[in-house]
Amino acid sequence: MERMPAFDSTADYLVSNELRNAVNISVALGRPLLIKGEPGTGKTMLAKAIADSLGLSLIIWNIKSTTKAQEGLYVYDTVQRLYDSQFGDQDVSEIKQYIKLGKLGEAFVSDEQLVLLIDEIDKADLEFPNDLLWELDIMNFYIPETKETIQARQRPAVVITSNAEKELPDAFLRRCIFHYIDFPDEEMMARIVRVHFPDLEKALLEEALAAFYWLRSVNGLQKKPSTSELLDWTQALVVGGISYQRICAEIPFLGVLLKKNQDFELVLRRLQSGGLQQKATSIHTRRGY
Amino acid sequence: MFTGFFNTLRNEGVPVSLTEWMTMMEALNKGLAGASLNGFYYLARAVLVKSETYYDRFDMAFFRYFQNVETSPELAERVLKWLEKSLPPLQVDARQRQPFAPWDLEEMRKALEERLAQQKEEHHGGGHWIGTGGTSPFGHSGYHPAGLRIGGESVNRSAVKVAAQRRYRDFRTDETLSTRQFEVALRKLRELSHNMEGPRDELDLEGTIDATCQKAGQLELVWERPKKNIIKLVLMMDSGGSMNPYSSLCSRLFNAAGKVSHFKDTRFYYFHNCIYQRLYLDPSCREDASVPTAEVLNNLSQDYRLILVGDASMSTGELMMTGGTISWKDYNEEPGLVWLQRLAAHFKHAAWLNPIPNSYWPATLGYETIKIISRVFPMFELTIDGLEQSMKVLKARR
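Here the residue numbers are simple positions, counted from 1 along each chain's written sequence. Going through the entries in the order they are written, you letter the chains from A and number the ligands from 1. Confidence filtering applies because this is a predicted model: local features only for residues at pLDDT of at least 70, side-chain atom pairs given and counted only at 80 or more, and all residues used for totals across whole chains, interfaces and linings. Excluding hydrogens and water, the side-chain values take into account all heavy atoms of the structure.

1. Structural notes on the confidence of the model for chain B
All names here are of chain B. On a range of 0 to 100, pLDDT expresses the predictor's confidence in each residue. On average, chain B scores 71 in pLDDT, and the residues at 70 or more come to 64%. Residue contacts are defined here by distance: any two heavy atoms, one from each residue, within 4.5 Å place the two residues in contact. Segment residues 83–103: pLDDT under 50, and 34 contacts once partners within four positions in sequence are set aside and those in other chains are kept. Segment residues 119–158 is flagged for pLDDT under 50; beyond a separation of four residues in sequence, or across chains, it makes 111 contacts in the model.

Structure (structure tokens):
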């Protein structure tokens, strides 16, 4: 087997050892990689990072609740053909011009190997993953209308993300390599923030992280803030010129981190009772999470 | 190779199939595990486990299978075989990461033997295996086990130890659950029907073909209303004192039921230990916020799905005797059991969710009443697994 260059962290995406292994295993075995994890842990960004790292281009297939598996392969635009036959001067006997390849189809006919991201597969109907089993396994499909078989020229590296809104069928899971992205610990998070804000003051970063992990540890939050919210918040702190002393005392721009009213009130109550100051020290010494 | 591990996994309840096992073998042949137990741990987990809910069981199986691996000659041989196969990719890795050149299989063998001998001395009977120290000399310094902490640089924790930590315990489905998990489970309860108001925005294919043919090929699109759930739900929850330990769990279920908007109708009632002639409208069970149970039965049609939540633990008198109610203000003319049977007769689909884990039922304080009530209502424990089983009962007629 031809050996692929191995995937690794890129300039703007840090990857853990296990995740890197999982990606390389999936690429080496030619099996789709199924990624789950808390929102904001960079599931979708992973595909982009893989593409960047391996120097391949990326095709994104965003799944919605109405997406059908067939759309990913091809769409036969019968309505257009019918209209053309009634009013047009087009030659409608050439069916091929009404076949439009979907994202999966595009990835198959590409001359170069690429990365295909099937984003949020759990949004679609329950049967959706099952309908793609054959195509992802054997990497070809048949178009009855034109009696054509589309065969993948280069097996694409397939990354599938799921938010666990629906259970995925067993038959589908059996063919995947699975990885669950843990929420980063403080050390890793500091590195992630550094990637995005290389010039950030050390004190500011430490305080921001302490406040952030304290927030996440508050019991009863309906939606815990995630990495992307932390990055937005850091941006807000920098733009707002907030000095680091104020961060833990009052958590400025709390609305950037918390999106639910109840959460907001809960945290404000805790802040007033001095929750963070008491906890801040213990957060600093805590290891792992 | 490692068939025992396959069996251990299955015994632990990780649903590993042969397909996945063959994939695993393929991966081992390609040397994807690297020559370390840690590499093997992550490879096996990625290939064999398909949900974070099984990570915990996987960890336990891994720990069970590898914790007492003695450094026996057969094992050493096994490791060497494994090592042989993974050599080419290893070499690449080693060159990339650490200057270990020049080395060959012989040297590796020797190093490994030394290591095995050393470990026997250090660990007195060899509780753990190669790589436990996290300082594997096989050019895999990047593969250290602490990777479980993402990007952590620690070299102290082995895969076995990491497995023994059971960090994924929270993801088990037989553990109790969060609001969101409840919602997902409740969504399974649906029965679709057309007869609802709403915009006609779904293409009726049959109708379109018909109408188009009527018009001799002139396209005529016919739209219909999308199907909607027609299931109605009524929840009754015990808010008695013995339920206090479970109150946050139960309120999560209620939150979820309230949030899942796909039911046609959702009703909530409360009771204290057992249901008698009155049902309460809020958890404090006050007289002035209550309705007669008979009225509820009259008002709610039989196709409401009934979910009762309670520990079903009380003194038998509360269930079997007239005047047995725990609340001294209201005397009940009929025993609680009669009321429960009445509910069961009225609602064709009903289930009882019990926050006490299934395995404790025979041994808990209320084992007698649990037994009696579970004869009236199918009883499940209040976990994802239990909730999903109950959904089946609620969908299909008993």
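2. Observations concerning the packing of aromatic side chains
How two aromatic rings sit relative to each other is set out by the distance from centre to centre and by the angle between their planes. Any two of the Phe, Tyr and Trp rings considered here, Trp counted by its six-membered ring, make a pair once their centres fall within 6.5 Å; the pair's planes then place it as stacked at under 30 degrees, edge-to-face at over 60, or tilted in between. Counting across every chain of the model gives 24 aromatic pairs over all chains. Ring geometry for F108(A) against F141(A): centres 5.8 Å apart, planes inclined by 35°, an arrangement best described as tilted. Of this pair, F108(A) sits in helix 5 (residues 103–109) while F141(A) is found in strand 6 (residues 140–143), placing the two residues 33 residues apart along the sequence. On the numbers, 4.6 Å between centres and 45° between planes, the contact of F62(B) with F66(B) is tilted. Note on conventions: DSSP H or I runs of at least 4 residues are helices, E runs of at least 2 residues are strands, and numbering of each starts at the N terminus.

3. Overview of helix 11 (residues 227–239) of chain A
In an α-helix, one turn spans 3.6 residues; hence positions three or four apart end up facing the same way. Expected span of a helix: the number of residues minus one, times 1.5 Å. Between its terminal C-alpha atoms helix 11 of chain A stretches 18 Å, which fits the 18 Å expected from 13 residues at 1.5 Å a residue. Two residues or fewer past helix 11 of chain A, G241(A) is found with a positive phi of approximately 60°.

4. A look at the pattern of salt bridges
Between Lys or Arg on one side and Asp or Glu on the other, a salt bridge is scored when a side-chain nitrogen of the former is within 4 Å of a carboxyl oxygen of the latter. Taken as a whole, this structure holds 19 salt bridges over all chains when the rule is applied. Residue R216(A) is joined to E38(A) by a salt bridge in which the shortest nitrogen-to-oxygen separation is 3.1 Å. Here R216(A), found in helix 10 (residues 202–217), pairs with E38(A), found in the loop between strand 1 (33–37) and helix 2 (43–54); they are 178 residues apart in sequence, far enough to count as distant. Between K30(B) and E26(B) there is a salt bridge whose closest N-O contact spans 3.5 Å. We call a residue buried when its accessible area falls under 20% of the maximum for its residue type, exposed when it is over 50%, and partly exposed in between, using a 1.4 Å probe and counting protein chains only. Residue E26(B) is classed as partly exposed on the basis of its relative accessible area, which comes to 29%. Salt bridges linked by common partners bring R31(A), E26(B) and K30(B) together as one network.

5. Examining the side chain of K43(A)
All names here are of chain A. Considering the arrangement of structural elements, one finds K43 in helix 2. In the analysis that follows, any N or O atom pair within 3.5 Å is treated as a polar contact, provided that within protein one partner can donate a hydrogen and the other can accept it, and provided that, for residues neighboring in sequence, both atoms belong to side chains. A polar atom in the side chain of K43 sits 2.9 Å from the backbone oxygen of G37. Not counting residues within four places of it along the chain, the set of residues in contact with K43 comprises I35, K36, G37, E38, T161, S162, N163 and I181.

6. A closer look at the nonpolar core
Of all hydrophobic cores here, the largest spans 89 residues; its most connected members are L46(A), F5(B), M24(B), F40(B), L43(B) and L48(B). Per-element tally for this core: the top contributor is helix 3 (residues 37–48) of chain B, with nine residues. What is meant by a nonpolar core is a set of buried Ala, Val, Leu, Ile, Met, Phe, Trp, Tyr and Cys residues, joined one to another through side-chain atoms within 4.5 Å. By size, the runner-up hydrophobic cluster in this structure holds 34 residues, among which are I275(B), V291(B), V296(B) and W352(B).

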